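# Structure assessment
Residues per chain are reported as follows:
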Amino acid sequence: MSHVEDELNSQPECWTRAAHEAGRCADALPDTGERVAVVGCGTSYFMAQAVAALREATGQGETDAFAASEFPRGRSYDRIVALTRSGTTTEVLDLLGKVRGRARTTAVTADPATPVATAADDLVVLDFADERSVVQTRFATTALTLLRAHLGLHTDAAVTDARTALADPLPEGLVDCAQFTFLGRGWTVGLAHEAGLKMREASLSWTEAYPAMEYRHGPISVTTEGTATWMFGEAPAGLAEQVRATGGRWVAGTLDPLAELVRVQRLAVAVAARRGLDPDRPRHLTRSVILAP
């Protein structure tokens, strides 16, 4: 079994522990009413998008998400939350250094023995969700679970659905599709982008991701026989029928959207195996992006 397979299979246990940790970490996480920015790179950026949408949609405070390299330095925030598995990503450390003293900062990381421990004002450590794999799975979903629990939005049903996502077989023939499009609404748009990234990283698949209502504004033109369109959460009325009319395959998200992401992680590994690729050695990637001065 590859590292990534082993790690993605451990997610139900990681989520349960993260939900319990949320109360202990509450002082390091945003208070209701704070103006917050959530930042990250790659997978962590897409988790930031999901967190920001959840927090703002539930009325807990204005919340933005940015790639760390694109943070608007002129804006004012009460708190900046940085998601960084390794704690060594150059863009995150650079941002934390530049905003020190201007906003309270919190880093959510898997490794406290890294520069982020002193770069941020507050530290939340999810070392039990650390990974050997380059391709992120459990750290990203565990960090999101922690923040969902902090917002009062996590339930045991998500863990149950994750176990279902790991146990049930993938839809027959899905690994043979030539192209995959992932769709979301609200907080699941970030999950859709992460699903596309997982497929690209692990299996070199052609993937796209969009807000579901935007799909009909052009992207549906690539949908045809041999492609798959996967929805995270409830689909807009009529969209499934429109996709099927193109000859493309529609995959409905019936589980908690975070558990649906686990299904996509499994698909990425399965497609990699079908193509003779090693998901533990993704092309041109390293576990952390550390740039030379």
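Structure's up top.
Residues numbered from 1 in each chain as written. Predicted model: local features only at pLDDT ≥ 70, side-chain atom pairs only at ≥ 80, totals over all residues. Heavy atoms only, no water.

## Quick word on the nonpolar core
Grouped together as the largest cluster of nonpolar side chains are 62 residues, with contacts concentrated most on Leu126, Phe180, Phe182, Leu191 and Phe232. When residues of this core are assigned to their parent elements, the largest contribution, 9 residues, is made by helix H10 (residues 257–274). Core analysis: the next-biggest nonpolar cluster, separate from the first, contains 17 residues, Ala37, Phe66, Phe71 and Val116 among them. (Core = buried A, V, L, I, M, F, W, Y, C linked by side-chain atoms within 4.5 Å. Buried < 20%, exposed > 50% of the residue type's maximum accessible area, 1.4 Å probe, protein only. Helix = DSSP H or I, 4+ residues; strand = E, 2+ residues; numbered from the N terminus.)

## Description of the environment of Leu54
Following the sequence through the fold, Leu54 ends up in helix H3 (residues 43–57). Once the C-alpha coordinates of Leu54 and Thr188 are considered, the two residues, 134 residues apart in sequence, prove to be 9.1 Å apart. In contact with Leu54, other than residues within four places in its own chain, are Arg148, Leu151, Leu153 and Trp187. (Contact = heavy atoms within 4.5 Å.)

## A word on the sheet that holds strand S2 (residues 63–67)
The strand order across the open sheet built from 5 strands is S2-S1-S3-S4-S5, with neighbouring strands paired in parallel fashion. Strand pairing shows two members of the sheet lacking a second neighbour, S2 and strand S5 (122–125), which therefore form its edges. Averaged over all pairs of adjacent strands, the angle between their axes in this sheet comes to 20 degrees, without regard to strand direction. As paired strands, strand S3 (residues 79–84) and strand S4 (residues 104–109) are joined by 6 bridges and run parallel to one another. Residue pairing across strands places Thr84 opposite Thr109, the latter belonging to S4. Against the sheet, H3 contacts strand S1 (36–40), S2 and S3, and its axis sits at roughly 170 degrees relative to S2. (Pairing = 2+ DSSP bridges. Axes fitted to C-alpha atoms, helices over the stretch in contact; angles between N-to-C directions.)

## Some points on the packing of aromatic side chains
All told, the structure shown has 6 aromatic pairs when counted by the stated rule. Seen in terms of ring centroids, Phe71 and Tyr77 are 5.8 Å apart; in terms of plane orientation they differ by 45 degrees. Their pairing is tilted. Through a chain of ring-to-ring contacts, the aromatic side chains of Phe66, Phe71 and Tyr77 assemble into a single cluster. In this structure, Arg35 is placed above the aromatic ring of Tyr77, and the distance from its NZ or CZ to the ring centre is 4.5 Å. (Phe/Tyr/Trp six-rings, centres within 6.5 Å; stacked < 30°, edge-to-face > 60°. Lys NZ or Arg CZ within 6 Å of the ring centre and 35° of its normal.)

## A look at empty space enclosed by the protein
Scanning the model with the defined rule gives 1 cavity of 30 Å³ or more in all. Each pocket or cavity is described by its volume, and for the largest cavity that value is around 60 Å³. Of all the elements in the fold, those that place two or more residues in the lining of the largest cavity are S1, H3 and helix H6 (138–150). Partitioning the lining of the largest cavity into residue classes produces 7 nonpolar, 1 polar and 1 charged. (1 Å grid on protein atoms, 1.4 Å probe; cavity = no way out; pocket = protein on both sides within 12 Å on 5 of 7 lines; lining within 4 Å. Points joined across faces, edges and corners; volume = space filled by probe spheres on them. Nonpolar A, V, L, I, M, F, W, Y, C, P; charged D, E, K, R; others polar.)

## Description of the pattern of salt bridges
In total, this model carries 17 salt bridges according to the counting rule given. Note that Asp94 and Lys98 form a salt bridge whose closest N and O atoms lie 3.3 Å from each other. Note that Asp94 and Lys98 are positioned in helix H4 (residues 90–99) at a spacing of 4 residues, about one turn of the helix. Classification of Asp94 as partly exposed rests on a relative accessible area of 35%. For Arg104, the salt bridge is made with Asp122, and the minimal N-O distance between the two is 2.9 Å. Here Asp122 lies in strand S5 and Arg104 lies in strand S4, a separation of 18 residues in the sequence. Residue classification places Arg104 among the partly exposed residues on the basis of a relative accessible area of 41%. Shared partners join several salt bridges into a network, and the residues in it are Glu34, Arg79, Arg104 and Asp122. (Salt bridge = Lys/Arg side-chain N within 4 Å of Asp/Glu carboxyl O.)

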